[in-house]
Amino acid sequence: MRPFNQMDNHTYDTDFYITAFSHVYGKHFLFILFFLLYLICLSWNILIIAVTNIDPHLQSPMYFFLSNLSFVDASYTSVTVPKLMDIFITGNIRVSFTGCFVQLYFFTSMACTEILLLTAMAYDRYVAICKPLYYMLVMRKMNCILLVTGSWICGYGNSLFVTIFASYLSFCGPKHINQLFCDIKVLTKISCGDTKEFQTMIYIEALIMGLCPFLLILMSYSKIVANILTMHSTGKRQKAFSTCTAHLSVLFMFYGTLLCMYMSPPSENSEDLDQIFAVLYLAVTPTINPLIYSLRNKDIKMAIKKTMIWIPSRL
């Protein structure tokens, strides 16, 4: 690996070209589609943030985590989708070296933060269902703030580490990114020179920031399910399953698209499949997440109804 002062000067001066869907006709239709998804995503996530912070009945750790999750969903979509819409409407596929790596940094930050927030939410459900007598002690306000703050710090710190490593890559060939955004997987693919050390670092990152939290979540939910099955009251079982189903749905969608996008074996159509998974990951999943939580949770539905009645009365 070369030190920064020995990097090729042209690496800093290069522009990248996002060529996703370049062979698809009807770019204006794609613009409208992504615009609607982006608008729905922002609207629902902002609504979830508003009701969980305004409604006094939603001032609990679970909704505190949900509010932060909605903010992350709205943020990482905002990092990628607006530029993509600009490409569809103007045809300007060029993105500067700095712009590309800024997008990479913030996207990776949000993705890592979401993984850690989902892990914290799984722990919250574990304590609530398996250790209910200790819930208010373990999940007191300061502990929740520390968990969320730690998730953000680790997410941004880890992303800084990844982005700095990525800046060591040299780009001396075609600089076409056949993806919807500046993705680390594609940047590694189009770089020239030896990338073995960088790929090893990416695998270690995937293990630490992806697999380990996922195993912790599985451990939490295995204990949750085992505890729920021992409950004698049908009402308690249904309520416990209801509170966990929404989180599990979001979890499987997030990890499912993530694994399909980054762990799928290379094939002739792998780039096209990656673009489809990227659409699910960037636009569809963060749009559906708040809908799942609002439709599966009676308290949130009631809070949304109150908010929708309260807003017109204030106008």
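Our subject is the structure that appears above.
Here goes a summary of the coordinates provided. (Residues numbered from 1 in each chain as written. Predicted model: local features only at pLDDT ≥ 70, side-chain atom pairs only at ≥ 80, totals over all residues. Heavy atoms only, no water.)

Describing the overall build of the protein chain
- Helices and strands together make up the secondary structure of the protein chain, namely 11 helices and three strands.
- Starting at the N terminus and ending at the C terminus, the protein chain contains elements arranged as α-β-α-α-β-α-α-α-β-α-α-α-α-α.
- Contacts in the protein chain between residues far apart in sequence, at least 24 positions, make up 80% of those at least 6 positions apart.
- Of the roughly 16300 Å² of accessible surface on the protein chain, a fraction of 69% belongs to carbon and sulfur atoms. (Helix = DSSP H or I, 4+ residues; strand = E, 2+ residues; numbered from the N terminus. Contact = heavy atoms within 4.5 Å. Areas by Shrake-Rupley, 256 points an atom, 1.4 Å probe, with all protein chains shown as cover.)

Topic: the environment of Ile 129
- As for its placement among the helices and strands, Ile 129 is situated in helix H4 (residues 97–130).
- Taking the C-alpha atoms as reference points, Ile 129 and Cys 244, 115 residues apart in sequence, are found 9.7 Å from one another.

Quick look at helix H3 (residues 61–90)
- Helix length check: H3, at 30 residues, gives a terminal C-alpha distance of 44 Å against a target of 44 Å (1.5 Å per residue), a fit within 8%.
- The sharpest bend along H3 measures roughly 35° and falls at Ser 78, with the proline Pro 82 sitting one to four residues further on.
- Across the 30 residues of H3, 21 count as buried, placing the element largely inside the fold.
- Where H3 ends, the next residue or the one after it, Gly 91, has phi of about 80°, a positive value. (Expected span 1.5 Å × (residues − 1). Bend = angle between axes of the 7 residues up to and from the residue. Buried < 20%, exposed > 50% of the residue type's maximum accessible area, 1.4 Å probe, protein only.)

Let's talk about the nonpolar core
- Within the largest apolar cluster, 66 residues are counted, with the highest numbers of intra-cluster contacts made by Phe 34, Leu 118, Leu 180, Ile 224, Phe 254, Tyr 281 and Tyr 293.
- Residue assignment for this core shows that the elements contributing at least two residues are helix H2 (27–54), H3, H4, helix H6 (141–166), helix H8 (196–229), helix H9 (234–262), helix H10 (270–296) and helix H11 (298–314).
- If we skip the residues at most four places from it in the chain, Tyr 293 touches Leu 66, Leu 69, Met 121, Ala 246, His 247, Val 250 and Ile 300.
- In terms of nonpolar packing, the next biggest core, distinct from the first, is built from 20 residues, Ile 87, Leu 104, Ala 166 and Cys 182 among them. (Core = buried A, V, L, I, M, F, W, Y, C linked by side-chain atoms within 4.5 Å.)

Observations concerning a nonpolar patch on the surface
- A surface patch of nonpolar side chains, about 510 Å² in accessible area, is lined by Ile 204, Leu 207, Ile 208, Leu 211, Leu 215 and Leu 218.
- Looking at where Leu 215 falls in the secondary structure, it is placed in helix H8.
- Exposure remark for Leu 215: the relative accessible area of 42% places this residue in the partly exposed category. (Patch = residues over 30% accessible without salt bridge, like charges linked within 9 Å, V, L, I, M, F, W, Y side chains within 5 Å. Salt bridge = Lys/Arg side-chain N within 4 Å of Asp/Glu carboxyl O.)

Structural notes on H6
- With 26 residues, H6 should reach 38 Å at 1.5 Å per residue; the first-to-last C-alpha distance of 37 Å fits that figure.
- The set of residues buried in H6 consists of Cys 144, Val 148, Ser 151, Trp 152, Gly 155, Asn 158, Ser 159, Val 162, Thr 163 and Ala 166.
- Considering only its buried residues, H6 is in contact with H3, H4, helix H7 (184–190) and H8.

Side note on the packing of aromatic side chains
- Within the structure shown, the criterion is met by 20 aromatic pairs.
- Aromatic side chains Phe 34 and Phe 88 sit 5.7 Å apart centroid to centroid with 45° between the ring planes, which places their arrangement in the tilted category. With Phe 34 in helix H2 and Phe 88 in helix H3, this residue pair connects regions lying 54 residues apart in the sequence. The burial state of Phe 34 is the same as that of Phe 88; both residues are buried.
- Ring geometry for Tyr 123 and Tyr 126: centres 6.4 Å apart, planes at 35°, overall tilted. Placement of both Tyr 123 and Tyr 126 in helix H4 is noted, with a separation of three residues, approximately one turn of the helix.
- Under the relative-accessibility criterion, Tyr 123 is labelled partly exposed at 35%.
- An aromatic cluster is present here, built from Tyr 76, Phe 107, Phe 181, Phe 214, Phe 254, Tyr 255 and Tyr 281 joined pairwise through their rings. (Phe/Tyr/Trp six-rings, centres within 6.5 Å; stacked < 30°, edge-to-face > 60°.)

Section: the pattern of salt bridges
- For the structure on display, the rule yields three salt bridges.
- Among the ionic pairs, Asp 86 bridges to Lys 83, the shortest N-O distance being 3.7 Å. A residue pair is termed a helical-turn pair when its members lie 3 or 4 positions apart in one helix, as Asp 86 and Lys 83 do in helix H3 at three residues.
- Among the residues examined, Lys 83 registers a relative accessible area of 22% and is labelled partly exposed.
- Measuring nitrogen to oxygen at the nearest pair gives 2.9 Å for the salt bridge that ties Asp 124 to Arg 125.
- Look at Asp 124 and you get buried, because its relative accessible area is 1%.
- Among the residues examined, Arg 125 registers a relative accessible area of 10% and is labelled buried.

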